[in-house]
Amino acid sequence: MIGRATLAVAGAALVIGASMPGIRHASAAPATPPATPPATPPAVAPRLTIARLQYEGGGDWYANPSSIPNLLKAIRQRTSFPAEQAEARITLGDDRLWDYPFLHMTGHGNVTFSDTEVARLREYLSRGGFLHIDDNYGLDEHIRREMKKVFPDHEFTDVPLSHPIYHVVYDFPKGLPKIHEHDGGPARAFGIMRDGRLAVLFSFDSDLGDGLEDEDVHHDPAERRDAALRMAINIVHHALTH
């Protein structure tokens, strides 16, 4: 399974050998103590990072370059997760896919998944991985088409306001914060469930990624950028603990 196991700290086991009583050999020479084995370094807890998904089709998968580093910094400062400073970048064909429990995807335009990528993403999500798709304006029709290939029997549905993703760390009783206006519609959170678990979150008409960018990129007010950070922390926390 991908997810919580990726962040688990391996425990060390101490095995103590006991001699068998009542067995002696008078002629046996005293045993030579074995050489002291080299010290084993303590286990190091894996550190969290977020993997940005690189895809084909022409869309700008690399959009909002400062967003994920800023989110990782906030995770280090505001939660107990030991987060890295830099994002990872992978494709669905990358063997490292299974090392990352959290995938982030964004862009403004077209997305295409090959048949192999469709199968890999289906397996990743079915094994416990989480995908956050953040529409940067213009992604909607393309990602809906491609995700229908991944899960033909599943539709994106509204994530209800009672869902813990809105309340797990910070409380968002009205749902996703509205960072940028775009077409003026309300911010929406759509999801795909797998075995009762939210496996895919599609944040639409909210533009969380823009809110996570450096202040001098979009010049958003501090309270709006903080709302984006708080909601993004909720998303990561929920994905790694459920």
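Quick note: structure is the one above.
Parameters and conventions
- Residues numbered from 1 in each chain as written.
- Predicted model: local features only at pLDDT ≥ 70, side-chain atom pairs only at ≥ 80, totals over all residues.
- Heavy atoms only, no water.
- Axes fitted to C-alpha atoms, helices over the stretch in contact; angles between N-to-C directions.
- Helix = DSSP H or I, 4+ residues; strand = E, 2+ residues; numbered from the N terminus.
- Parallel < 35°, antiparallel > 145°, perpendicular 65-115°, else oblique.
- Contact = heavy atoms within 4.5 Å.
- Nonpolar A, V, L, I, M, F, W, Y, C, P; charged D, E, K, R; others polar.
- Buried < 20%, exposed > 50% of the residue type's maximum accessible area, 1.4 Å probe, protein only.
- Polar contact = N/O pair within 3.5 Å; in protein donor to acceptor, adjacent residues only side chain to side chain.
- Right-handed = clockwise from strand over helix to strand, strands pointing away.
- Pairing = 2+ DSSP bridges.

## As for the packing of helix H2 (residues 115-126) against helix H3 (residues 140-150)
- At their nearest, the axes of H2 and H3 sit 8 Å apart, and the two run at 75° to each other. What the angle tells us is that H2 and H3 run roughly perpendicular. Facing Val-118, Leu-121, Arg-122 and Leu-125 of H2, the residues of H3 in contact are Met-147, Lys-149 and Val-150.
- Among the residues forming the contact of H2 with H3, the class breakdown is 5 nonpolar, no polar and 2 charged.

## Some points on the side chain of His-132
- Looking at where His-132 falls in the secondary structure, it is placed in strand S4 (residues 130-135).
- Accessibility expressed as a relative area gives 5% for His-132, which makes it buried.
- Polar side-chain contacts of His-132 include one of 2.9 Å to the side chain of Ser-203.
- In this structure His-132 touches Phe-102, Leu-103, His-104, Met-105, Leu-201, Ser-203, Leu-208 and Ile-235, once residues within four positions along its chain are discounted.

## Some details on the pairing of S4
- The element S4 is largely enclosed, with a buried count of 6 among its 6 residues.
- Burial of S4 is two-sided: the residues Phe-130, His-132 and Asp-134 facing one way and the residues Leu-131, Ile-133 and Asp-135 facing the other way are all buried.
- In this region the chain leaves strand S3 (residues 102-107), passes through H2 and returns to the parallel neighbour S4; the handedness of that crossover is right-handed.
- Where S4 lies against strand S7 (residues 197-204), 4 bridges are found, and the strand directions are parallel.

## With respect to the sheet that holds S7
- On the basis of which strands lie adjacent, the open sheet formed by 7 strands has the order S2-S1-S3-S4-S7-S6-S5 and mixed pairing. The open sheet terminates on both sides in strands that have one partner only, identified here as strand S2 (88-90) and strand S5 (157-158).
- Running over the sheet, H2 touches S3, S4, strand S6 (188-194) and S7 and is turned about 115° from S4.

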